[in-house]
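Here are the chains, one letter per residue:
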Amino acid sequence: SQVSFEEESQNPPAVGHWKPLMPSKGDKEEAESGCQDAGGVPEPQSTEQLNVSRLRSSSVEIREKGSEFLRDELHKAQKELKLKDKECERLSKVREQLEQELEELTASLFEEAHKMVREANTKQAAAEKQLREARGKIDMLQAEVTALKTLVITSTPSSPNRELHPQLQSPSKAGFRKGHGRNKSTSSAMVSAASHNVAPEPVSRECKEVDSILFAEFQAWKESPTLDKSCSFLDRIYREDVGPCLDFTKQELSELVRVAVEQNTLTIEPVAAQTVPVGKVAAEECGGPKKCALSGLPRTCKHRIMLGDSGSYYYISPSCRARITAVCNFFTYIRYIQQGLVRQDVELMYWEVMRLRREMSLAKLGFYPSEM
């Protein structure tokens with residue numbers, strides 16, 4: 001297009017192109033006749049030639065100026081075209097860069113969204129698992145509470161619960177429940193209540209009479225049950241039953257046992273059922289299978305106790321175990337009363353407390369079942 005444009009600019013325009021016109025034959029005759037009419041004198045040719053040369057020079061000048069103007073315009077158009085090409089190239093690069101950034105941003109957003117979804121699903125699964133575990137624990141605890149309520153509520157002096165008092169079961173069932181594993185002091189009343197009690201005579205054959213002073217103290221304590229031994233009810237039992245029952249030859253260890261029983265942190269374990277874990281340091285064991293740690297006497301020890309989480313074990317004789325278990329049974333029952341798990345008449349609860357006091361007195365005097 002540029003070449004054609006230059007070719008057109010070099011060709012003279014049709015308007016400025018002057019060509020000499022040859023006179024026709026008629027014109028010549030008229031001119032000759034005119035000249036002849038005028039006197040026969042011919043007009044000189046120099047004037048006509050001069051006009052033609054002037055016209056030619058003016059057309060050349062116009063053509064040169066036009067071509068120069070067109071060249072200038074062409075140069076301007078070429079410069080503008082180059083600038084626009086550069087601008088288009090720059091805008092194209094900017095567009096490509098923006099498209100690349102947009103793709104990267106979209107990919108990062110999708111990746112972040114997927115990551116958030118995965119984390120949310122993981123947290124939801126963990127929360128659902130914890131919820132299921134918590135519900136299972138709640139169901140287990142509710143079942144245990146229900147069982148405890150059933151055992152405690154259905155056991156009365158007039159009709160004792162045979163599950164709570166295995167000595168009332170048949171010999172085969174009693175033998176089946178003879179051995180037991182690791183027991184906290186709160187559960188000793190349910191698992192091995194009969195293992196340290198002398199089989200009492202049926203309550204219906206006994207003659208009972210309520211002591212007014214003891215009954216009044218129990219009623220006052222029942223109004224607002226507490227484990228504080230400063231109240232008259234517990235103070236009397238501590239002085240008359242708990243203190244003497246837990247008074248062993250080894251005074252320092254006896255005090256530790258009493259505190260553990262009060263705080264419900266005492267553990268009784270059968271010796272044969274416990275082994276020291278491999279790779280761990282053996283716990284300190286006071287006494288031995290043939291020596292009681294509380295009395296200091298040579299006795300065959302079938303059980304050992306641990307105070308809290310100290311990791312120290314102490315071998316105890318059957319007599320000492322019976323005394324400790326009797327006190328644990330008493331504290332277990334009064335804790336049930338304090339927690340509202342025992343729903344009986346006040347007099348029935350009073351007689352159950354008296355029975356537990358009698359068991360502590362018998363254990364203190366050295367009476368305990370042979371299977372101990």
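Calculation notes
By convention here, each chain's residues receive numbers from 1 onward along its written sequence. At least 70 in pLDDT is required for a residue's local features to be given in this predicted model, at least 80 for side-chain atom pairs to be given and counted, and no such filter applies to totals for whole chains, interfaces and linings, which use all residues. Note: side-chain values were computed over all heavy atoms of the structure, leaving out hydrogens and water. UniProt positions are given in the numbering used here, feature names are shortened, and annotations may be inferred rather than shown by experiment. Strands are runs of DSSP state E lasting at least 2 residues, helices are runs of H or I lasting at least 4, and numbering of each runs from the N terminus. The buried label goes to any residue with under 20% of its type's maximum accessible area, the exposed label to any with over 50%, and the partly exposed label to all in between, with areas taken from a 1.4 Å probe on protein chains only. By definition, residues are in contact when any of their heavy atoms lie within 4.5 Å. For the accessible areas, the method is Shrake-Rupley and the probe is 1.4 Å, while residue cover comes only from the protein chains on display. Take the residue count of a helix, subtract one, and multiply by 1.5 Å to get its expected span. Each direction from the helix axis to a C-beta atom contributes to the arc, which is the arc of those directions. Polar contacts, as used here, are pairs of N or O atoms within 3.5 Å; protein pairs need one atom able to donate a hydrogen and one able to accept it. Residues neighboring in sequence count only if both atoms are side-chain atoms. The criterion for an aromatic pair is that two Phe, Tyr or Trp rings (for Trp, the six-membered ring) have centres within 6.5 Å, with stacked assigned to planes under 30 degrees apart, edge-to-face to planes over 60 apart and tilted to the rest. We treat two strands as partners when DSSP finds at least two bridges between them. Salt bridge criterion: a side-chain nitrogen from Lys or Arg within 4 Å of a carboxyl oxygen from Asp or Glu. The predictor attaches a confidence to each residue, called pLDDT, with possible values from 0 through 100. Orientation is described by lines fitted to C-alpha atoms, with helices fitted over the stretch in contact, and by angles between N-to-C directions that extend from 0 to 180 degrees. When describing relative orientation, an angle under 35 degrees is termed roughly parallel and one over 145 degrees roughly antiparallel, while 65 to 115 degrees is termed roughly perpendicular and anything else oblique. Take the far helix as your reference; a near helix turned counterclockwise from it by less than a right angle gives a left-handed crossing, and one turned clockwise gives a right-handed crossing. Amino acid classes used here: Ala, Val, Leu, Ile, Met, Phe, Trp, Tyr, Cys and Pro are nonpolar; Asp, Glu, Lys and Arg are charged; the rest, including Gly, are polar.

The name given to the protein chain in an unreviewed UniProt entry is R3GEF factor, with Leiothrix lutea as the source organism. Reading the Sequence similarities (unreviewed entry) entry of the UniProt record for the protein chain gives the comment "Belongs to the SEC2 family."

Secondary structure assignment for the protein chain yields 10 helices and five strands. For the protein chain, the proportion of its 372 residues judged to be buried stands at 29%. The long-range fraction of contacts in the protein chain, counting pairs at least 24 apart against all pairs at least 6 apart in sequence, stands at 71%. Of the roughly 24900 Å² of accessible surface on the protein chain, a fraction of 56% belongs to carbon and sulfur atoms.

What follows covers helix 6 (residues 212-223). Spanning 12 residues, helix 6 covers 17 Å between terminal C-alpha atoms, matching the ideal 16 Å at 1.5 Å per step. Listed as buried for helix 6 are Leu214, Phe215, Glu217, Phe218 and Trp221. Projection of helix 6 onto a plane perpendicular to its axis shows the buried side chains occupying an angular sector of 160°, all on one side. In this structure, helix 6 carries Ser212, Ile213 and Glu223 as exposed residues pointing more than 90 degrees from its buried face. Buried-residue contacts for helix 6 involve helix 7 (232-245), helix 9 (318-338) and helix 10 (346-364). Where helix 6 begins, one side-chain oxygen reaches toward the backbone nitrogen of Ile213, 3.1 Å away; that side chain belongs to Asp211.

This next bit is on the packing of aromatic side chains. Counted according to the given criterion, the structure contains eight aromatic pairs. Seen in terms of ring centroids, Tyr238 and Phe331 are 6.0 Å apart; in terms of plane orientation they differ by 65°. Their pairing is edge-to-face. With Tyr238 in helix 7 and Phe331 in helix 9, this residue pair connects regions lying 93 residues apart in the sequence. With relative accessibility at 13%, the residue Tyr238 sits in the buried group. Relative accessible area serves as the criterion here: at 4%, Phe331 is assigned to the buried category. Taken together through their ring pairs, the aromatic side chains of Phe215, Phe218, Trp221, Phe233, Tyr350 and Trp351 make up a single cluster.

To continue, consider unusual backbone geometry. With phi around 60°, Asn264 is a residue other than glycine that occupies positive phi space. Of note, Asn264 is situated in the loop between helix 8 (251-262) and strand 2 (266-270).

Across the five residues that make up strand 2, a large majority, five, are buried. Burial along strand 2 is two-sided: the face carrying Leu266, Ile268 and Pro270 and the face carrying Thr267 and Glu269 are both buried. Sheet analysis places strand 2 next to strand 4 (residues 303-307), joined by five bridges and oriented antiparallel. The partner of Pro270 across the bridge, within strand 4, is His303.

One pass over the structure, following the stated rule, counts 12 salt bridges. Across the salt bridge formed by Glu89 and Lys93, the nearest N and O atoms sit 3.9 Å from each other. Of this pair, Glu89 and Lys93 both sit in helix 3 (residues 46-153), four residues apart, roughly one helical turn. For Glu89, a relative accessible area of 46% translates into the label partly exposed. Among the residues examined, Lys93 registers a relative accessible area of 52% and is labelled exposed. Of the charged contacts, one joins Glu240 and Arg357 as a salt bridge, the two residues approaching to 2.6 Å between their closest N and O atoms. Of the two residues, Glu240 is situated in helix 7 and Arg357 in helix 10; the sequence distance between them amounts to 117 residues. Of the residues examined, Glu240 reaches a relative accessible area of 38% and is grouped as partly exposed. By sharing partners, the salt bridges in this structure join Glu217, Arg236, Glu240, Asp241 and Arg357 into a single network.

Here we come to the confidence of the model for the protein chain. Residues at a pLDDT of 70 or more form 69% of the protein chain, whose mean pLDDT is 76. Confidence drops under pLDDT 50 across residues 13-26; counting only partners more than four residues distant or on other chains, this segment forms five contacts.

With that settled, consider the packing of helix 9 against helix 10. Relative to each other, helix 9 and helix 10 sit at 165°, their axes nearing to 8 Å. With respect to helix 10, the element helix 9 is oriented roughly antiparallel. As helix 9 runs across helix 10, the sense of the crossing is left-handed. Contacts from Ala322, Arg323, Ala326, Val327, Asn329, Phe330, Tyr333 and Ile337 in helix 9 reach Met349, Glu352, Val353, Leu356, Glu359, Met360, Ala363 and Lys364 in helix 10. Its residues assigned to classes, the contact of helix 9 with helix 10 shows 11 nonpolar, one polar and four charged.

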